[in-house]
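An overview of the molecular structure
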Amino acid sequence: MTAPTAPGPAPHLRTPTVDLDLGGRTALVTGAAGGIGRACALRLVAAGAKVRAVDRDAQGLDALAAYAEGLAGAVEPEVLDLTDLDAAEAAAAGADILVNNAGLQLVRPIEEFPPDVFHTVLTVMLEAPFRLIRGALPHMYAQGWGRIVNISSVHGLRASAFKSAYVAAKHGLEGLSKTAALEGAPHGVTSVCVNPGYVRTPLVERQIADQAAAHSVAAERVLADVLLKDSAIKRLIEPEEVAEAVLYLCTPQASFITGTSLTLDGGWTAH
């Protein structure tokens, strides 16, 4: 009796190159007007995707759409406040790729942290991603393919003082992403967190000022002595570097990467 042989590799693995063509795919990127979201939207458009760019910043979205003219795909701006959870869920219908990126930050001790801000942070950064995933999954399941990329943070894996809302939201996002991965696997849908360290974005620039106040140090020392203290690579990561990782996770070759976290932290969590 002949022993059974293992099946051969999937067809997309028989070629050595990564397929970066997302032509015909529709992606939704939240927080797309600036920072990581803008970089992700542009990279997906360059790969041929039609990108629904979601943000509260109408001017930023218009600038993004103008900048993307001439690229392989297209930008469809959509002004949306993610605290409108029903609208967020509706916006995700029909998306093949979902990039949950929008976020906000406030640096304060817990005893001084405003409860309303804590609630808003968790609404935008945890409850809205749940609703967006919920809105996107029926289409993804029906076609047997989907990519959910959740822009988490090194703070989804580690905590820092004075960031209770942000750390809580990112830790929750990690759990949500893993659950979506387990449920989505039989339907060809992957869910992954991308976990950068400090990225060169307006959000981080504002954090430098907040950290200076929280730690009572000069603003010029915050980057070296606070933000990058535990990083082996002593620089900020660029939004475009994060976007390249996001794009890879949307390719056929990344179909086995799910339920995990892709850490881009310059060696912070190696400690």
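Residues numbered from 1 in each chain as written. Predicted model: local features only at pLDDT ≥ 70, side-chain atom pairs only at ≥ 80, totals over all residues. Heavy atoms only, no water.

This part covers the overall build of the protein. Counting its secondary structure elements, the protein contains eight helices and seven strands. Taken over the C-alpha trace, the protein has a radius of gyration of 19 Å; the compact-globule value for 271 residues is 18 Å, and the two agree within 12%. For the protein, the spread of C-alpha atoms along the principal axes amounts to about 75 × 45 × 35 Å. Taken over 271 residues, the protein has a buried fraction of 47%. Of all intrachain contacts in the protein linking residues separated by at least 6 positions in sequence, the fraction that spans at least 24 positions is 74%. Accessible surface, the protein as shown: approximately 12700 Å² in total, 57% of it carbon and sulfur. Charged side chains in the protein number 21 positive and 29 negative. The centres of these two groups are separated by 5 Å. (Helix = DSSP H or I, 4+ residues; strand = E, 2+ residues; numbered from the N terminus. Rg over C-alpha atoms; globule rule 2.2 N^0.38 Å. Buried < 20%, exposed > 50% of the residue type's maximum accessible area, 1.4 Å probe, protein only. Contact = heavy atoms within 4.5 Å. Areas by Shrake-Rupley, 256 points an atom, 1.4 Å probe, with all protein chains shown as cover. Lys, Arg positive; Asp, Glu negative; His and termini not counted. Charge placed at Lys NZ, Arg CZ, Asp CG, Glu CD.)

Despite not being glycine, Phe-162 has its phi angle at roughly 75 degrees, a positive value. Within the fold, Phe-162 resides in the loop between strand 5 (146-151) and helix 5 (164-184).

This part covers the sheet that holds strand 4 (residues 97-100). Taken in spatial order, the seven strands of this open sheet run 3-2-1-4-5-6-7, and their pairing is parallel. Two strands lie at the open edges of the sheet, namely strand 3 (74-79) and strand 7 (261-264), each paired on one side alone. When strand polarity is set aside, the average angle formed by the axes of neighbouring strands in this sheet is 15 degrees. Along the sheet, helix 2 (residues 58-67) makes contact with strand 2 (50-55) and strand 3, crossing strand 3 at roughly 175 degrees. In the packing of helix 5 onto the sheet, the strands contacted are strand 5, strand 6 (189-196) and strand 7, and the crossing angle to strand 6 comes to about 155 degrees. (Pairing = 2+ DSSP bridges. Axes fitted to C-alpha atoms, helices over the stretch in contact; angles between N-to-C directions.)

Each aromatic ring pair is specified by the distance between its two centres and by the angle formed by the two planes. In the structure shown here, the tally under the stated rule is two aromatic pairs. Judged by centre distance (6.1 Å) and plane angle (85 degrees), the rings of Phe-113 and Phe-118 are edge-to-face. With a relative accessible area of 9%, Phe-113 lands in the buried category. Ring centres 5.9 Å apart and planes at 20 degrees place the aromatic pair Tyr-198 and Trp-268 in the stacked group. With Tyr-198 in the loop between strand 6 and helix 6 (202-215) and Trp-268 in the segment after strand 7, this pair connects stretches of sequence that are 70 residues apart. Directly above the aromatic system of Trp-145 lies the positively charged group of Arg-25, at a separation of 3.7 Å from the ring centroid. Its guanidinium or amino end placed over the ring of Tyr-67, Arg-38 lies 4.8 Å from that ring's centre, counting from NZ or CZ. (Phe/Tyr/Trp six-rings, centres within 6.5 Å; stacked < 30°, edge-to-face > 60°. Lys NZ or Arg CZ within 6 Å of the ring centre and 35° of its normal.)

Attention now goes to the packing of helix 4 (residues 115-143) against helix 5. For the pair helix 4 and helix 5, interaxial distance at closest approach is 8 Å and the crossing angle is 15 degrees. One way to sum up the angle between helix 4 and helix 5 is to call them roughly parallel. For the element pair helix 4 and helix 5, the recorded crossing hand is right-handed. Counted together, Phe-118, Val-121, Leu-122, Met-125, Leu-126, Pro-129, Phe-130, Ile-133 and Tyr-141 of helix 4 and Ser-164, Ala-165, Tyr-166, Ala-168, Ala-169, Lys-170, Gly-172, Leu-173, Leu-176, Ala-180, Glu-183 and Gly-184 of helix 5 form the full contact between these two elements. Residues that form the contact of helix 4 with helix 5 fall into these classes: 16 nonpolar, three polar and two charged. (Parallel < 35°, antiparallel > 145°, perpendicular 65-115°, else oblique. Left-handed = near helix turned anticlockwise from the far one by under 90°. Nonpolar A, V, L, I, M, F, W, Y, C, P; charged D, E, K, R; others polar.)

Summing up the model confidence of the protein, the mean pLDDT is 93 and the portion of residues at 70 or higher is 94%. Across the protein, the secondary-structure element scoring lowest on mean pLDDT is helix 6, at 79, and the one scoring highest is strand 4, at 99. (pLDDT = per-residue confidence, 0-100.)

Residue placement: Ala-254 occurs in the loop between helix 8 (239-249) and strand 7. Discounting chain neighbours no more than four positions away, the residues touching Ala-254 are Arg-147, Tyr-248 and Leu-249.

Moving on: a nonpolar patch on the surface. The grouping of Val-18, Leu-20 and Tyr-248 at the surface amounts to a nonpolar patch, some 220 Å² of accessible area in total. By the element assignment, Leu-20 lies in the segment before strand 1 (26-30). (Patch = residues over 30% accessible without salt bridge, like charges linked within 9 Å, V, L, I, M, F, W, Y side chains within 5 Å. Salt bridge = Lys/Arg side-chain N within 4 Å of Asp/Glu carboxyl O.)

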